[in-house]
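Summary of structural features
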Amino acid sequence: MVSDGIKLSTKPSPSFRLRNDSLNAVRLRRVFDLFDRNGDGELTAEEIASALDRLGLGGDKSEIVTAVSSFVPEGRNGLLYEDFEKLHRSLGDSFLGGIDAEQVSEETDEEDMKEAFKVFDEDGDGFISAAELQSVLSKLGIAEARSMTRVQEMISSVDQNADGQVDFSEFKVMMQGIAAQM
């Protein structure tokens, strides 16, 4: 499927939206802030392309520029948060094909959780090590990635069996805790 010139998966992605609208808003704001590398409150197509590249999701830059430019208000260089929300909604509707988020099953939630776990489990061994967590956090531009001590503390805070890494069941508990805090 193609939306505004960007090739999209034809399989609906329920992980694109969470069941709770307030969680979606928090997540989207965090994504905007992470992608806005210079912190000016305006997200350019170049910043989006760069962020997608860092995450290994890069696409054709000209396609990204074309898709983003239609949401940039006249006289601006990039998207304000409200514009980014509109872009997200547009792409989300394309990804989901109008599926209501309430229709997402618990089985799909488990699949989404496994998919998220794989992002952090870079070597595919079934565990998230401190080095892997640091690598992903660094790609996302998160400051805590600069300190291995801080990364190890993050691992320890969810490492229920004290093996120095996070397995899938520990990851699920951690993610459920994050959702409960929001």
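Residues numbered from 1 in each chain as written. Predicted model: local features only at pLDDT ≥ 70, side-chain atom pairs only at ≥ 80, totals over all residues. Heavy atoms only, no water.

Some details on the packing of helix α2 (residues 45-54) against helix α3 (residues 61-69)
At a minimum axis separation of 9 Å, α2 and α3 run at an interaxial angle of 135°. With respect to their mutual orientation, α2 and α3 come out oblique. Handedness of the crossing formed by α2 with α3: right-handed. Between α2, through Ala-45, Glu-46, Ile-48, Ala-49 and Leu-52, and α3, the contact on the second element is made entirely by Lys-61, Ile-64, Val-65 and Val-68. Among the residues making up the contact of α2 with α3, the classes are represented as seven nonpolar, no polar and two charged. (Axes fitted to C-alpha atoms, helices over the stretch in contact; angles between N-to-C directions. Helix = DSSP H or I, 4+ residues; strand = E, 2+ residues; numbered from the N terminus. Parallel < 35°, antiparallel > 145°, perpendicular 65-115°, else oblique. Left-handed = near helix turned anticlockwise from the far one by under 90°. Contact = heavy atoms within 4.5 Å. Nonpolar A, V, L, I, M, F, W, Y, C, P; charged D, E, K, R; others polar.)

Some details on empty space enclosed by the protein
This structure, assessed with the given rule, holds one cavity of 30 Å³ or more. Around the largest cavity, the lining residues are Leu-34, Phe-35, Ala-51, Arg-54, Leu-55, Lys-139 and Leu-140. Elements with a minimum of two residues in the lining of the largest cavity: α1 (21-35) and α2. Along the lines of polarity and charge, the residues of the lining of the largest cavity split into five nonpolar, no polar and two charged. (1 Å grid on protein atoms, 1.4 Å probe; cavity = no way out; pocket = protein on both sides within 12 Å on 5 of 7 lines; lining within 4 Å. Points joined across faces, edges and corners; volume = space filled by probe spheres on them.)

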